[in-house]
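Geometric and topological summary
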Amino acid sequence: MPRPLTRARLAGLVPDRGPPRLLAWSTLADSIGFGLWVTGSVIFFTRSVGLTASQVGIGLSIAGLLGFAASVPFGHLADRLGAREVATALALLNALLFGCYALVHSFATFVVVVSLVAVVESGNHAVRNALVAGVMGSGSRVRVRAYLRSVLNVGISLGAVLAGIALHADTRGAYLALVAGQAGSFLVVAVITLRLPHVPPAPAEQRAGRRWLALRDLPFLAVTGLSGVLVINSSILMIALPLWVVQRTAAPRSTVAALFLLNTVMAVLFQVRASRGSEEVTGAARAGRWSAFATAAACVGYAAAAGLPASYAVALLVTGTALLTVGELWQSASSWGLGYELAAPQAQGQYQGVFALGFGGQEIVGPAFVTLLALSWGLTGWLTIAAVVLAGGLALPPVARWAARTRADYWPATGAEGDPDGADETAASRESSG
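Because the structure is a prediction, the values reported are computed rather than measured.

**Thoughts on the overall build of the chain**
- A count of helical and extended segments in the chain gives 18 helices and 0 strands.
- When the 434 residues of the chain are sorted by exposure, 52% land in the buried category.
- Taking the contacts inside the chain whose residues are at least 6 apart along the sequence as the reference set, 85% of them involve residues at least 24 apart.

Listed below in structure tokens is the structure:
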């Protein structure tokens with residue numbers, strides 16, 4: 001009996017055949033390349049290219065600002081030309097741009113290349129989200145995104161392990177292998193993406209009056225902003241937590257690696273389960289509220305770890321990270337449900353591009369915000385972070401209900417005879433035929 005049960009659980013981690021599995025293979029290839037690059041890129045730029053750490057930081061900041069708003073026009077392009085074709089083109093362009101890193105030998109060329117990469121990557125996220133919306137039916141999008149999130153964490157971990165080999169070698173050739181690995185992963189992504197069903201763009205008459213529709217959708221913009229507040233848990237995990245562990249607690253430095261491993265394992269095993277119920281607006285908003293409670297509780301746990309003996313500090317840090325990860329899983333599910341279900345069916349590209357602005361804004365503001373509060377204010381800072389997250393989570397359900405009630409005010413007729421669900425029926429039929 002235990003054997004079939006184990007197989008059943010493992011099968012639950014594997015997406016269905018057809019578009020879901022193709023999307024998973026594409027995500028795996030992309031995430032392995034990303035794991036390679038994110039693990040070794042800073043070392044490559046400093047050890048192999050010869051840039052200083054401050055130059056790398058300045059260049060990445062410039063790139064982040066330039067790439068911030070690129071998701072909206074690229075998403076609009078996907079609506080006009082087809083998400084599959086635009087996603088394929090962006091993957092090929094990414095492969096070319098990452099290959100250009102091998103030619104970088106100065107700060108100026110670094111800024112140019114890293115900025116172009118940031119612009120394309122920003123657009124690529126929106127287009128890939130629109131592609132999932134286009135090839136999957138409304139009822140399965142969130143579940144598929146949960147599978148992809150699990151695959152993403154597995155791929156990043158594999159890429160990080162491979163990057164460790166290059167970092168150990170510490171040679172120009174080894175660092176160029178990181179560049180080649182990331183560029184090659186995008187070529188694989190492009191090939192797999194072409195095997196997905198074609199997502200036809202909306203006819204010209206349906207696009208009339210819909211240019212920058214998402215930017216005029218005030219309730220959707222409000223949901224985007226609140227969702228951006230909730231995703232601050234990523235800055236807590238990646239930025240504030242490591243610094244807090246090392247500078248303000250008695251926990252060993254190696255605890256940071258263990259906490260990251262805990263987060264990754266939980267994300268792989270439980271993301272699909274945490275997404276259940278978020279396929280519609282009410283459930284997605286509720287998941288966002290639960291996320292806020294879990295993240296706020298994690299902040300309290302982290303704050304309490306300061307000044308305690310090492311064993312107690314480690315216990316609180318582990319508990320806090322488990323809570324933070326649960327909050328992350330619910331937040332992800334919430335964002336997928338709200339981002340898809342509140343978007344105009346025939347304008348998913350630009351809606352996903354606008355929704356990405358909330359996350360982009362957090363990436364710009366979040367690291368400085370959580371670091372300043374946690375490291376400078378201590379307990380008061382952690383409680384302030386918790387209060388901000390709670391405010392966003394509690395506000396999300398009523399704002400999401402407002403957005404759901406006002407869809408007819410912002411959506412032009414889209415499907416057959418003006419039925420906005422027509423696009424989802426078409427997507428479902430493509431899914432079954434794929």
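**Some remarks on the pattern of salt bridges**
- Applying the stated rule across the entire model yields 5 salt bridges.
- Between Arg84 and Glu85 there is a salt bridge, with the nearest N and O atoms lying 3.0 Å from each other.
- The class for Glu85 is partly exposed, based on a relative accessible area of 29%.
- Across the pair Asp217 and Arg407 runs a salt bridge whose closest N-O atoms are separated by 2.7 Å. With Asp217 in the loop between helix 9 (204–207) and helix 10 (218–230) and Arg407 in helix 17 (residues 407–410), this pair connects stretches of sequence that are 190 residues apart. Taken as a pair, Asp217 and Arg407 share a single burial class, namely buried.

**Overview of unusual backbone geometry**
- Of note in this structure, Asp170 is not a glycine but carries a positive phi near 55°.
- Counting through the fold element by element, Asp170 comes out in the loop between helix 7 (141–169) and helix 8 (172–193).
- Residue Asp170 is classed as partly exposed on the basis of its relative accessible area of 31%.

**Describing the packing of aromatic side chains**
- Counted under the stated rule, the structure contains 17 aromatic pairs.
- With 5.5 Å between their ring centres and 90° between their planes, Trp37 and Phe98 make a pair best called edge-to-face. One end of the pair, Trp37, is in helix 2 (residues 19–49); the other, Phe98, is in helix 5 (residues 83–100), and 61 residues separate them in sequence.
- Judged by relative accessible area, Phe98 falls into the buried class, the value being 3%.
- Plain terms: the ring middles of Phe44 and Phe45 are 5.2 Å apart, the flat faces sit at 55° to each other, and that makes the pair tilted.
- By way of ring pairs, the aromatic residues Trp37, Phe44, Phe45, Phe98, Tyr101, Phe107, Phe110, Tyr175 and Phe186 are connected into one cluster.

**What to know about the nonpolar core**
- Counting residues in each nonpolar core, the largest one holds 53 residues, and the members touching the most others are Leu23, Phe44, Phe45, Tyr101, Phe110 and Leu131.
- Looking at this core, the elements with two or more residues in it are helix 2, helix 3 (53–67), helix 4 (71–81), helix 5, helix 6 (107–135), helix 7 and helix 8.
- Here the element with the most residues in this core is helix 6; it accounts for 13 residues.
- Beyond its immediate chain neighbours, meaning those up to four positions away, Leu23 contacts Arg128, Leu131, Val132, Val135, Val144, Leu148 and Leu196.
- One finds Ile232, Cys299, Ala313 and Trp382 within the second-largest nonpolar core, a separate group that totals 52 residues.

**Some details on a nonpolar patch on the surface**
- Taken together, the side chains of Leu65, Phe68, Ile364 and Val365 present a nonpolar region at the surface, about 360 Å² in accessible area.
- Residue position: Phe68 is located in the loop between helix 3 and helix 4.

**Concerning the packing of helix 3 against helix 6**
- Between helix 3 and helix 6, the least distance of the axes is 8 Å, while the angle of their chain directions is 35°. Read as a crossing pair, helix 3 and helix 6 show a hand that is right-handed. For the pair helix 3 and helix 6, the contacting residues are Gln55, Val56, Ile58, Gly59, Leu60, Ile62, Ala63, Leu66 and Gly67 in the first and Phe107, Phe110, Val111, Val114, Ser115, Ala118, Val119 and Ser122 in the second.
- Of the residues contributing to the contact of helix 3 with helix 6, the split by class is 12 nonpolar, 5 polar and no charged.

**Considering the environment of His198**
- Its place among the elements puts His198 in the loop between helix 8 and helix 9.
- A residue is classified by how much of its surface remains accessible, and His198, at 34% relative accessible area, is partly exposed.
- Separated by 63 residues in the primary sequence, His198 and Val135 place their C-alpha atoms 7.8 Å from one another.
- Here Glu85 takes part through its side chain, which lies 3.0 Å from a polar atom of the side chain of His198.

**Looking at the side chain of Asp79**
- Relative to the helices and strands, Asp79 is located in helix 4.
- Given the relative accessible area of 11%, Asp79 is considered buried.
- At 2.8 Å, the side chain of Asp79 forms a polar contact with the backbone nitrogen of Gly349.

**Some points on the environment of Gly134**
- Positionally, Gly134 belongs in helix 6.
- In the structure, Gly134 is positioned 214 residues away from Gln348 in sequence and 8.0 Å away in space, judged by C-alpha atoms.

Cut-off values and rules
Residues numbered from 1 in each chain as written. Predicted model: local features only at pLDDT ≥ 70, side-chain atom pairs only at ≥ 80, totals over all residues. Heavy atoms only, no water. Helix = DSSP H or I, 4+ residues; strand = E, 2+ residues; numbered from the N terminus. Buried < 20%, exposed > 50% of the residue type's maximum accessible area, 1.4 Å probe, protein only. Contact = heavy atoms within 4.5 Å. Salt bridge = Lys/Arg side-chain N within 4 Å of Asp/Glu carboxyl O. Phe/Tyr/Trp six-rings, centres within 6.5 Å; stacked < 30°, edge-to-face > 60°. Core = buried A, V, L, I, M, F, W, Y, C linked by side-chain atoms within 4.5 Å. Patch = residues over 30% accessible without salt bridge, like charges linked within 9 Å, V, L, I, M, F, W, Y side chains within 5 Å. Areas by Shrake-Rupley, 256 points an atom, 1.4 Å probe, with all protein chains shown as cover. Axes fitted to C-alpha atoms, helices over the stretch in contact; angles between N-to-C directions. Left-handed = near helix turned anticlockwise from the far one by under 90°. Nonpolar A, V, L, I, M, F, W, Y, C, P; charged D, E, K, R; others polar. Polar contact = N/O pair within 3.5 Å; in protein donor to acceptor, adjacent residues only side chain to side chain.

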